[in-house]
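Chain and residue survey
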Amino acid sequence: VMAAGCGTTSTSASSRDDVSSSATPSVSMTQAGNLASVTPQCTASDLGAWLAIDQGNGAAGSVYYPLEFTNLSKHSCTLGGFPGVSVIGRSGLQLGSSASRMTGSFHTITLAAGATAHALLRYSDVTVTTMRGCSPVFTAMALRIYPPSQQSSTNAAFSFEACSHTGPVYLNVGPVIPGTGTIDG
């Protein structure tokens, strides 16, 4: 089972060789040392975002899912940092608080056309079902996902119980890392 975004339902995994990691953006240099080109940041329109539901792994009131980002553009682009994630209800409005960031450092990665990177998304079902002020509802229909450092979003279908009020934080997200996420990491 997979939740898909951007109209894509493909689950094809790309090779980890298509993703490179560095502490700085990817830059091409000419022989003379002049700046030839800088790899652009990945935008929401470059990416297909999807939640690998079948790769979820639960622990003590939480379920961890790989939040996958596949480069659907015809060019390489970079991702570095934490995506913004919130839940959208059937009304199209946000449900509850946005995801908070997990601890951890990150590096900028270059994502080749067709390659996939991921971030770990933690869903706390215990927060939704027991936290005072949550007011749980079953109307969540998608995740609104902002690629790191971007102001435009894309959506990934995902239906689950969510808090209807802001306050309790029931989603946490880690930094984007190279490769397709699996149960094993």
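Note that this is a predicted model, so its numbers are computed, not measured.

All right, on to the overall build of the chain then. Helices and strands together make up the secondary structure of the chain, namely 1 helix and 18 strands. Considering the chain as a whole, with its 185 residues, one finds that 44% of them fall into the buried category. Long-range pairs, those at least 24 residues apart, make up 77% of the contacts in the chain with a sequence separation of at least 6. Accessible area of the chain: about 9000 Å², with a carbon and sulfur share of 52%.

Our next topic: the nonpolar core. Of all hydrophobic cores here, the largest spans 36 residues; its most connected members are Phe69, Val87, Leu143, Phe160, Tyr170 and Leu171. Beyond its immediate stretch of four places on either side in the chain, Val87 contacts Leu93, Gln94, Leu95, Ala140, Ala142, Leu143, Phe160, Ala162, Tyr170 and Leu171.

This brings us to the sheet that holds strand E14 (residues 140-146). One open sheet holds the 4 strands; their spatial order is E9-E8-E14-E15, and the pairing between them is antiparallel. What marks the edges here is a single partner per strand, and that holds for strand E9 (94-95) and strand E15 (154-157).

This next bit is on the state of the cysteines. If you walk through the whole model with that rule in mind, you get 2 disulfides. Shown here is the disulfide that connects Cys42 with Cys77, its sulfur atoms set 2.0 Å apart. Disulfide Cys42 to Cys77: torsion about the S-S bond roughly 90°, handedness right-handed. Of this pair, Cys42 sits in the loop between strand E3 (35-38) and strand E4 (47-51) while Cys77 sits in strand E7 (residues 77-79), placing them 35 residues apart in sequence. The same class applies to Cys42 as to Cys77, namely buried. Each sulfur in the disulfide pair Cys134 and Cys163 lies 2.0 Å from the other. Where Cys134 bonds to Cys163 through sulfur, the torsion about that S-S bond is close to -105°, and the disulfide is left-handed. One end of the pair, Cys134, is in the loop between helix H1 (125-130) and strand E13 (136-137); the other, Cys163, is in strand E16 (residues 162-163), and 29 residues separate them in sequence.

We now examine unusual backbone geometry. Although it is not a glycine, Ser135 adopts a positive phi angle of roughly 50°. Here Ser135 shows up in the loop between H1 and E13. Even without being glycine, Ser149 reaches a positive phi, approximately 65°. Locating Ser149 in the fold gives a position in the loop between E14 and E15.

Moving on to the environment of Arg90. Of note, Arg90 is situated in the loop between strand E8 (84-89) and E9. Each C-alpha atom of the pair Arg90 and Ala140 lies 6.4 Å from the other, and the pair is 50 residues apart in sequence. Only 3.3 Å separates the side chain of Arg90 from the backbone oxygen of Phe138, close enough to count as a polar contact.

Looking along a regular strand, one sees side chains alternate from face to face of the sheet. Buried residues dominate E8, accounting for 5 of its 6 residues. In this sheet, E14 lies alongside E8 in antiparallel orientation, the contact comprising 6 bridges. Considered in E14, the bridge of Ser86 is made with Arg144. Bridge analysis of E8 against E9 gives 2 bridges, and the strand direction is antiparallel. Paired with Ile88 across the bridge in E9 is Gln94. Adjacent in sequence and paired antiparallel, E8 and E9 are bridged by 4 residues, among which Gly92 carries a positive phi angle near 90°.

What counts, and at which threshold
- Going along each chain's sequence as written, the residues are numbered from 1 onward.
- Two thresholds apply to this predicted model, a pLDDT of at least 70 for residue-level local features and 80 or more for giving and counting side-chain atom pairs, whereas whole-chain, interface and lining totals are computed over all residues.
- Here the side-chain values reflect all heavy atoms present in the structure, with hydrogen atoms and water set aside.
- Starting at the N terminus, helices and strands are each numbered in turn, a helix being any DSSP run of H or I of at least four residues and a strand any DSSP run of E of at least two.
- Summary of the burial criterion: residues with accessible area below 20% of their type's maximum are buried, those above 50% are exposed, and those between are partly exposed, where the area comes from a 1.4 Å probe applied to protein chains only.
- What makes two residues a contact is simply this: any of their non-hydrogen atoms within 4.5 Å.
- With residues, only the protein chains shown are counted as cover, and all accessible areas are computed by Shrake-Rupley using a 1.4 Å probe.
- Note on terminology: a nonpolar core comprises buried Ala, Val, Leu, Ile, Met, Phe, Trp, Tyr and Cys residues joined through side-chain atoms within 4.5 Å.
- Pairing between two strands requires that DSSP report at least two bridges joining them.
- In plain terms, two cysteine sulfur atoms within 2.5 Å form what is called a disulfide here.
- What qualifies as a polar contact is a pair of N or O atoms within 3.5 Å, subject to a donor-acceptor requirement within protein and to the restriction that residues adjacent in sequence count only when both atoms come from side chains.

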